[in-house]
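Structure at a glance
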Amino acid sequence: METNMPKSTDFYINGQWMAPIRPHDFPVVDPSTEEVCATISLGEAEDTEAAVAAANQAFAGWAATPPADRIAAVERLLEVYNARAEDMARAISKEMGAPIDLARAQQVGAGSWHIEGFLRAARGFAWEHPLGDWAPGERILHEPIGVCALITPWNWPMNQITLKVVPALLAGCTMVLKPSEIAPLSGLLFAEIVDEAGIPAGVFNLVNGDGAGVGSRLSAHPDIDMVSFTGSTRAGREITKAAADTIKRVSLELGGKGANIIFADADAKAVKSGTIRCFRNTGQSCNAPTRMLVERARYDEAVEQAAAAAEGVTVGPADEEGRHIGPAVSEAQFEKIQGLIQSGIDEGARLVAGGTGRPGHLNRGYYVRPTVFADVTPEMTIYREEIFGPVLSILPFEDEDHAVSLANGTEYGLTNYVQTGDPERLRRVAHRLRSGMVEGNGTGFGQGSPFGGYKQSGNGREGGVWGLQEFMEVKAVSGWE
């Protein structure tokens, strides 16, 4: 598909790069320098309508395309994605502040990992099958749900875009993507990749915009069959309400407040690795282990180890290579994190590392000091609220029941972590934790594992076969013989 190189203010609609109906410029700020690094346009009602109309028009044709052809299209997408990996790493690093090494390995790598996982799931998926031996003439069909609105956040841009766009494509859906307006450059590059991969016009559309302008319009739109949203729990509530009038499916990946339960018999490095894991991506992950619960016998030692680990974490600009952490994404996030660190101090938590203000050597950029609080109690704001910054809260527990009760004592339920040398205990505790994921002893999840939460961390699952099913309807047909 031949199109001219887009301007950053353009949208991708019906296989073409199009200028917005009315210019509405919006600056993209590099959080490492606080300087404007690009300008996008925020879409309005007419831009959104054009994208939804294109997706609607393309739906019948794409839905009727054989699964093997849709799989081949996504294989081409993966090939182009991998060829553009360095461009993508630089875009993500600049727009949201991920250090370039992290951007290359984890930010860009998350996208290719999910695309591969979905391809595996799709190749083995039973698109139609008999109900069972007892009803040989009944067929179960898995069909695309329709036109989907995909609304993605700034913290892991390709992780979230691929977790939505790719299963929607494979399922036979058409879509309108609204990436975060704070970190939109990676989304524009992804649209170029889709175009180069030859995905038919209208199947994938991209409109930049904010939640109020484009997001709310998509959520309530009568011609949208499903909204898949990743972001804050507050925004997830609004989207659910907006979608209710048209009874559309809503899939939500929302906030988290992960507990990392460290039993006395845990590995010697459990505290250090848990602290560093909390600070990864500058703490801007919904599944970060931000509450460290330590068995009383190891508590004092754990506080010292966590403080030492935090002191060892360096902070610096995103374009420098190395294992440091970068800035928070924006001035608004920086101020929010500063306010929550101050609340921890004011409410009597014991500050053992970091604190308010920028690290001493940096006077520009949204840099936050890696911060550790000890003696945190469940009443404190830092224990209850998702901070989305490099801030760890540590508190002691007495026994297994106490640990489970503390871990579950939150409105969230995304990921919890368990560290213990006793395999039986790990399994027992995992059963009792009210979260969509439980990571045991630092073992990462496999490709195609279902990502999602309980309670106010959302509904639905992303990744692998579960992620494909999110974008499908199930149809029963009798008399098939």
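Treat the numbers as computed from the prediction; the structure is a model and nothing was measured.

Attention now goes to the sheet that holds strand β20 (residues 472-477). Reading across from one edge, β5-β6-β20 is the order of the three strands in this open sheet, with antiparallel pairing throughout. For this open sheet the edge positions go to β5 (128-132) and β20, each flanked by a neighbour on one side alone. Strand-to-strand, the axes of this sheet are offset by a mean angle of 30°, without reference to chain direction. Note that strand β6 (residues 135-144) and β20 share six bridges and pair antiparallel. For Leu 141, the partnering residue across the bridge sits in β20 and is Lys 475.

It is the contact of helix α5 (residues 157-171) with helix α6 (residues 185-196), at a shortest axis distance of 10 Å, that shows an interaxial angle of 45°. By the angle between their directions, the pair α5 and α6 is classed as oblique. Considering how the two elements wind past one another, α5 and α6 form a crossing that is right-handed. Only Ser 186, Gly 187 and Phe 190 of α6 make contact with α5, whose side of the interface consists of Pro 157, Met 158, Ile 161, Thr 162 and Val 165. By residue class, the composition of the contact of α5 with α6 is five nonpolar, three polar and no charged.

Examined against the element boundaries, Glu 398 turns out to sit in the loop between β16 (391-397) and α13 (400-408). Under the relative-accessibility criterion, Glu 398 is labelled partly exposed at 43%. Each C-alpha atom, one on Glu 398 and one on Val 294, is 8.7 Å from the other, the two residues being 104 residues apart in sequence. Of note is the side chain of Glu 398, whose polar atom sits 2.7 Å from the side chain of Arg 296.

Moving on, we get to the side chain of Arg 425. Looking at the element boundaries, Arg 425 is found in helix α14 (residues 423-432). Note on Arg 425: relative accessible area 17%, which makes it buried. A polar atom in the side chain of Arg 425 sits 3.3 Å from the side chain of Thr 420. Not counting the four nearest positions on each side in its chain, Arg 425 is found in contact with Phe 263, Asp 265, Glu 400 and Thr 420.

Okay, unusual backbone geometry next. Phi angles above zero are rare outside glycine, and Thr 282 is one such case at about 60°. Assignment of secondary structure puts Thr 282 in the loop between α9 (270-279) and β13 (291-295). Exposure remark for Thr 282: the relative accessible area of 2% places this residue in the buried category. A positive phi angle, close to 55°, is found at Asp 375, a residue other than glycine. Take Asp 375: it is sitting in the loop between β15 (371-374) and α12 (381-384).

Quick look at the environment of Glu 95 now. Structurally, the position occupied by Glu 95 is in helix α3 (residues 85-96). Glu 95 sits in the buried class, given a relative accessible area of 0%. For the pair formed by Glu 95 and Ala 476, sequence separation is 381 residues and the distance between their alpha carbons is 46 Å. Look past the residues within four positions of Glu 95 in its chain and what remains in contact with it is Val 29, Pro 31, Pro 157, Ile 182, Ala 183, Pro 184, Leu 185, Ser 186 and Val 329. Separated by 2.6 Å, the side chains of Glu 95 and Ser 186 make a polar contact.

The subject of this paragraph is the nonpolar core. Core analysis: the biggest nonpolar cluster contains 71 residues, and Met 88, Val 165, Leu 169, Leu 170, Phe 190 and Phe 204 have the highest contact counts within it. Excluding residues within four positions of it along the chain, Leu 170 makes contact with Arg 70, Ile 71, Val 74, Phe 118, Leu 119, Ala 122, Trp 127 and Leu 468. Phe 373, Val 376, Val 418 and Leu 426 belong to the second largest nonpolar core, which has 29 residues in total.

Our focus in this paragraph is the packing of aromatic side chains. All chains considered together, the criterion is met by seven aromatic pairs. Judged by centre distance (6.1 Å) and plane angle (40°), the ring pair of Tyr 12 and Phe 204 falls under tilted. Here Tyr 12, found in strand β1 (residues 11-13), pairs with Phe 204, found in strand β9 (residues 204-206); they are 192 residues apart in sequence, far enough to count as distant. The same class applies to Tyr 12 and to Phe 204, which are both buried. Between Phe 190 and Phe 204, the aromatic rings sit 5.9 Å apart at their centres with planes inclined by 65°, giving edge-to-face as the arrangement. Taken together, the residues Phe 190 in helix α6 and Phe 204 in strand β9 connect sequence positions 14 residues apart.

Our focus in this paragraph is the pairing of strand β8 (residues 174-178). Extensive coverage of β8 is indicated by the burial of five of its five residues. Here β8 shows no split at all, with Thr 174, Val 176 and Lys 178 on one side and Met 175 and Leu 177 on the other all buried. Here strand β7 (residues 147-151) pairs with β8 via five bridges, running parallel. By the bridge assignment for β8, Ala 149 is matched with Val 176. Following the chain from β7 across α5 to the adjacent parallel β8, one finds a crossover that is right-handed. Across three bridges, β8 lies against β9 in parallel orientation.

What follows covers the sheet that holds β15. Spatially, seven strands are ordered β14-β15-β16-β13-β12-β17-β18 in an open sheet, and the strand pairing comes out mixed. Only two strands of the sheet have a single neighbouring strand rather than two, namely β14 (350-353) and β18 (437-440). Averaged over all neighbouring strand pairs, the angle between strand axes comes to 25°, with direction disregarded. Note: strand β12 (residues 259-262) against strand β17 (residues 415-419), three bridges, orientation parallel. Counterpart to Ile 262 in the pairing with β17 is Gln 419. Strand contacts of helix α11 (residues 331-346): β14, β15 and β16, with the helix running at about 25° to β15, the strand carrying the most contacts.

So, about the side chain of Gln 160. Here Gln 160 shows up in helix α5. Separated by 3.0 Å, the side chains of Gln 160 and Thr 230 make a polar contact. Those residues in contact with Gln 160 that sit more than four places away from it in its chain are Thr 152, Pro 153, Thr 230 and Glu 462.

Cut-offs and rules
- Residues numbered from 1 in each chain as written.
- Predicted model: local features only at pLDDT ≥ 70, side-chain atom pairs only at ≥ 80, totals over all residues.
- Heavy atoms only, no water.
- Pairing = 2+ DSSP bridges.
- Helix = DSSP H or I, 4+ residues; strand = E, 2+ residues; numbered from the N terminus.
- Axes fitted to C-alpha atoms, helices over the stretch in contact; angles between N-to-C directions.
- Parallel < 35°, antiparallel > 145°, perpendicular 65-115°, else oblique.
- Left-handed = near helix turned anticlockwise from the far one by under 90°.
- Contact = heavy atoms within 4.5 Å.
- Nonpolar A, V, L, I, M, F, W, Y, C, P; charged D, E, K, R; others polar.
- Buried < 20%, exposed > 50% of the residue type's maximum accessible area, 1.4 Å probe, protein only.
- Polar contact = N/O pair within 3.5 Å; in protein donor to acceptor, adjacent residues only side chain to side chain.
- Core = buried A, V, L, I, M, F, W, Y, C linked by side-chain atoms within 4.5 Å.
- Phe/Tyr/Trp six-rings, centres within 6.5 Å; stacked < 30°, edge-to-face > 60°.
- Right-handed = clockwise from strand over helix to strand, strands pointing away.

By themselves, these are just geometric observations and shouldn't be taken as functional.
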